[in-house]
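Spelled out, the chains give:
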Amino acid sequence: MLTTLHTAYSDTRAADLAWALGREPLPALAVLDLQLAGATMQLRLLGASHQVLLEEEHGSCSETVACMPGSSTPLPLGVAKRIGDWEYEFAARVETLGAGSFAGRAQELLALVADHPHGLAGTFPGSPHAFTAMLAQRTEGQVRWRTWHAYPQEGQLVVTRTRVGVRMPAAAL
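Residue positions within a chain follow its written sequence, with the count starting from 1. Note on the predicted model: pLDDT of at least 70 is required for a residue's local features to be given, and 80 or more for side-chain atom pairs to be given and counted; whole-chain, interface and lining totals, by contrast, use all residues. Hydrogens and water are ignored here; the side-chain numbers use all heavy atoms of the structure.

Asker: Where do I start with the overall build of the protein chain in this structure?
Answerer: Across its full length, the protein chain holds 1 helix and 12 strands. Secondary structure is summarised from DSSP: a helix means a run of H or I of at least four residues, a strand means a run of E of at least two, and numbering begins at the N terminus for each. The order of α-helices and β-strands along the protein chain, N terminus first, is β-β-β-β-β-β-β-β-α-β-β-β-β. Dimensions of the protein chain, computed from C-alpha atoms along their principal axes, come out at roughly 55 × 35 × 30 Å. Burial here depends on accessible area, computed with a 1.4 Å probe over protein chains only, as a share of the maximum for the residue type. Under 20% is buried, over 50% is exposed, and the range in between is partly exposed. Relative to its full complement of 173 residues, the protein chain shows a buried share of 47%. Whether two residues are in contact is decided by their heavy atoms: any pair within 4.5 Å suffices. Intrachain contacts of the protein chain at a sequence separation of at least 6 include 57% that bridge at least 24 residues. Separation between the mean location of the 13 positive side-chain charges and that of the 16 negative ones in the protein chain comes to 5 Å. We count Lys and Arg on the positive side and Asp and Glu on the negative side, and we leave His and both chain ends out. A charge is said to be at NZ when it belongs to Lys, at CZ for Arg, at CG for Asp and at CD for Glu.

Asker: Quick question: what am I supposed to make of the pairing of strand E11 (residues 142-151) here?
Answerer: Look at any regular strand and the pattern is simple: side chains alternate between the two faces of the sheet. Most of E11 is tucked away: 8 of the 10 residues are buried. Strand pairing requires that DSSP identify at least two bridges connecting the strands. Looking at chain direction, strand E10 (residues 127-139) and E11 are connected through 8 bridges and run antiparallel. Along E11, the bridge assignment pairs Leu135 with Arg146. Bridge count between E11 and strand E12 (residues 156-166): 10 bridges; the pairing is antiparallel. For His149, the partnering residue across the bridge sits in E12 and is Val158. With antiparallel pairing between neighbouring strands as the criterion, E11 and E12 make up a hairpin whose turn holds 4 residues, including Gly155 at a positive phi of roughly 70°.

Asker: Mind showing me how you'd approach the packing of aromatic side chains here?
Answerer: In this description, a pair of aromatic rings is defined by centroid distance and the angle of the planes. By convention, a stacked pair of Phe, Tyr or Trp rings (six-membered ring in the case of Trp) has centres within 6.5 Å and planes under 30 degrees apart, an edge-to-face pair has planes over 60 apart, and any other such pair is tilted. Within this structure, the stated rule accounts for 2 aromatic pairs. A ring pair is formed by Trp19 and Phe90, whose centres lie 5.9 Å apart and whose planes are at 35°; its orientation type is tilted. Placement of Trp19 in strand E2 (residues 18-21) and of Phe90 in strand E8 (residues 86-96) is noted, with a sequence separation of 71 residues between them. A residue is classified by how much of its surface remains accessible, and Phe90, at 3% relative accessible area, is buried. Cluster of aromatic residues (ring-pair linked, three or more members): Trp19, Tyr88 and Phe90.

Asker: Sorry, what's going on with the nonpolar core here?
Answerer: Note on soluble globular proteins: their nonpolar side chains tend to be buried together. The definition of a nonpolar core used throughout is a set of buried Ala, Val, Leu, Ile, Met, Phe, Trp, Tyr and Cys residues joined through side-chain atoms within 4.5 Å. In this structure, Met41, Leu43, Leu54 and Trp145 are the most contacted members of the largest nonpolar core, which totals 31 residues. Setting aside its immediate chain neighbours within four residues, Leu54 contacts Ala39, Thr40, Met41, Gly59, Ser60, Cys61, Trp86, Val143, Trp145 and Val164. Within the second largest apolar cluster, 13 residues are counted, among which are Ala106, Val113, Ala133 and Leu157.

Asker: Would you mind going over the environment of Arg82 with me for this structure?
Answerer: Looking at the element boundaries, Arg82 is found in strand E7 (residues 78-83). As a C-alpha pair, Arg82 and Val164 span 82 residues in sequence and 9.5 Å in three-dimensional space. As used in this structure description, the phrase polar contact means that two N or O atoms lie within 3.5 Å; if the pair is within protein, one of them must be able to donate a hydrogen and the other to accept it, and residues adjacent in sequence are counted only when both atoms belong to side chains. Polar side-chain contacts of Arg82 include one of 3.2 Å to the side chain of Glu87.

Asker: Looking at this model, I keep getting lost on the environment of Lys81. Mind explaining?
Answerer: If you trace the backbone, Lys81 turns up in strand E7. Judged by relative accessible area, which is 40%, Lys81 ranks as partly exposed. For the pair Lys81 and Val164, spaced 83 residues apart in the sequence, the C-alpha separation amounts to 9.7 Å. Other than its neighbours up to four places away in sequence, Lys81 contacts Trp19, Leu21, Trp86, Glu87 and Tyr88.

Asker: What's the story with the sheet that holds E10 in this structure? I'm lost.
Answerer: Note on sheets: strands pair through backbone hydrogen bonds, and any given pair is parallel or antiparallel. One open sheet accounts for 7 strands, arranged E1-E9-E10-E11-E12-E8-E7; its pairing is mixed. If you trace the sheet from one side to the other, it starts and ends with strand E1 (2-4) and E7, each paired once. Neighbour to neighbour, the strand axes of the sheet diverge by 15° on average, direction disregarded. Bridge analysis of E8 against E12 gives 11 bridges, and the strand direction is antiparallel. Counted as the bridge partner of Ala91 is Arg161 from E12. Packing against the sheet, helix H1 (residues 99-114) makes contact with E1, E8, strand E9 (119-124), E10, E11 and E12, and its axis sits at approximately 45° to E10. Lines fitted to C-alpha atoms define the axes, with helix axes restricted to the stretch in contact, and inter-axis angles between N-to-C directions lie between 0 and 180 degrees.

So yeah, pure geometry; function would need other evidence.
Here it is as structure tokens:
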């Protein structure tokens with residue numbers, strides 16, 4: 001699903017993004033509710049940021065990547081945590097692209113997410129390449145999602161990948 005977000009583009013620098021687990025739902029500009037084989041997911045666009053809410057029989061998880069005033073947790077390159085019965089893995093990277101490459105990559109990503117049944121993307125007024133996009137899937141008992149946060153004025157694209165799955169017991173020796 002592709003939507004225009006009717007708000008000012010507020011998170012204007014990739015370096016301002018922070019990461020958090022366990023936050024309460026924040027006000028969203030666009031929401032996509034999904035059912036993925038026993039998992040209930042909500043993809044939420046928060047301006048140039050995102051929040052994912054996941055509930056399953058093994059528990060719940062809330063991931064937020066946003067400009068969060070007072071946050072002391074900058075966007076990490078990687079995180080691996082146990083959340084109840086789950087293993088949670090998060091990875092982030094920043095791609096810096098030239099103007100032409102950025103425009104092409106933005107169009108490619110928006111096309112990928114816009115028509116996907118588990119995709120949500122929002123563009124901002126003022127720049128056709130200012131967007132946040134999210135794509136979710138469930139495979140092999142794991143829920144995965146990818147996000148893209150575009151900062152055309154910097155030529156930067158923040159890309160995240162998350163995997164949540166049930167922790168497997170250690171094999172008996």
